[in-house]
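Summary of structural features
This is what each chain is made of:
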Amino acid sequence: MMYKKILYSLLFNHLWDYLLRIRSIIVCSLLKEHGKTIRFKSISLLVGPEYMCIGNNTRFGKSLYLAVWKDVKNNGLSSINKAVIQIGSNCSFGPYNNITAINGIKIGNNVLTGKWVTITDNSHGTTDIETLKIPPLERSVYSKGSIYIEDNVWIGDKVTILPNVHIGKGAVIAANAVVTKDVDAFTVVGGNPAKRIK
């Protein structure tokens, strides 16, 4: 009886791994460029994969939101063919990550994220009084600038990285931080808004 349970468990695990590989192959076939051994556990939203490039041996946790909004107005200018998400090699993204772009997001190699991380270069409008009178879903999508995350960055659980930010090589972003400004290389930041800790 015990051997049957072990056998069923092994078969299930191999079947599950096979299905993940098939899903990953299908998703990679939609991307503009992709490396080898990319794994997607599950995807809740995938928009504009033809504007995404992902390097080798990169893994994504479950319930990923990955979107390049290519048909939006950004300050009155169309972002078609301009917006792109580039992700390097040997990265690991935790579950429930949300990565969305209308301008551009570039993530280097060996980046590690925790759970519930948001990396977005856009928002629903600006905060001037005229825009705030408009319901959020009816506002033009707005970007203050692109995001660049260099190599070897560690991003903790529930971090939010907002537009027009450059995170330097080897930086650590503490859990729950809200990054609104550039982060120097080899530093540790935390808080809301994120400030240097070390």
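Scroll up to find the structure this text is about.
Thresholds, definitions, all that
Residues numbered from 1 in each chain as written. Predicted model: local features only at pLDDT ≥ 70, side-chain atom pairs only at ≥ 80, totals over all residues. Heavy atoms only, no water. Salt bridge = Lys/Arg side-chain N within 4 Å of Asp/Glu carboxyl O. Helix = DSSP H or I, 4+ residues; strand = E, 2+ residues; numbered from the N terminus. Buried < 20%, exposed > 50% of the residue type's maximum accessible area, 1.4 Å probe, protein only. Pairing = 2+ DSSP bridges.

Applying the stated criterion across every chain, the model contains two salt bridges. Between Lys-115 and Asp-157 there is a salt bridge, and its shortest N-O distance comes to 3.2 Å. In this pair, Lys-115 sits in the loop between strand E13 (112-113) and strand E14 (118-120) while Asp-157 sits in the loop between strand E18 (154-155) and strand E19 (160-161), placing the two residues 42 residues apart along the sequence. A salt bridge links Glu-130 to Lys-133; the nearest nitrogen and oxygen atoms lie 3.5 Å apart. The exposure class assigned to Lys-133 is exposed, which follows from its relative accessible area of 59%.

To continue, consider the sheet that holds E19. Strand order in the open sheet formed by six strands is E3-E6-E11-E14-E19-E22, and the pairing between neighbours is parallel. Since the sheet does not close on itself, it has two edges, and those belong to strand E3 (43-47) and strand E22 (178-179), each with one partner. Relative to E14, strand E11 (residues 98-101) is paired through three bridges, and the arrangement is parallel. Across the sheet, the residue bridging to Ile-99 is Ile-119, located in E14.

Ordered in space as E1-E4-E9-E12-E17-E20, the six strands form an open sheet in which the pairing is parallel. Each edge of the sheet is formed by a strand with only one pairing partner; in this case those strands are strand E1 (33-34) and strand E20 (165-167). Pairing of strand E4 (residues 52-54) with strand E9 (residues 85-87) involves three bridges; the strand directions are parallel. When the sheet's bridge partners are listed, Ile-54 is paired in E9 with Ile-87.

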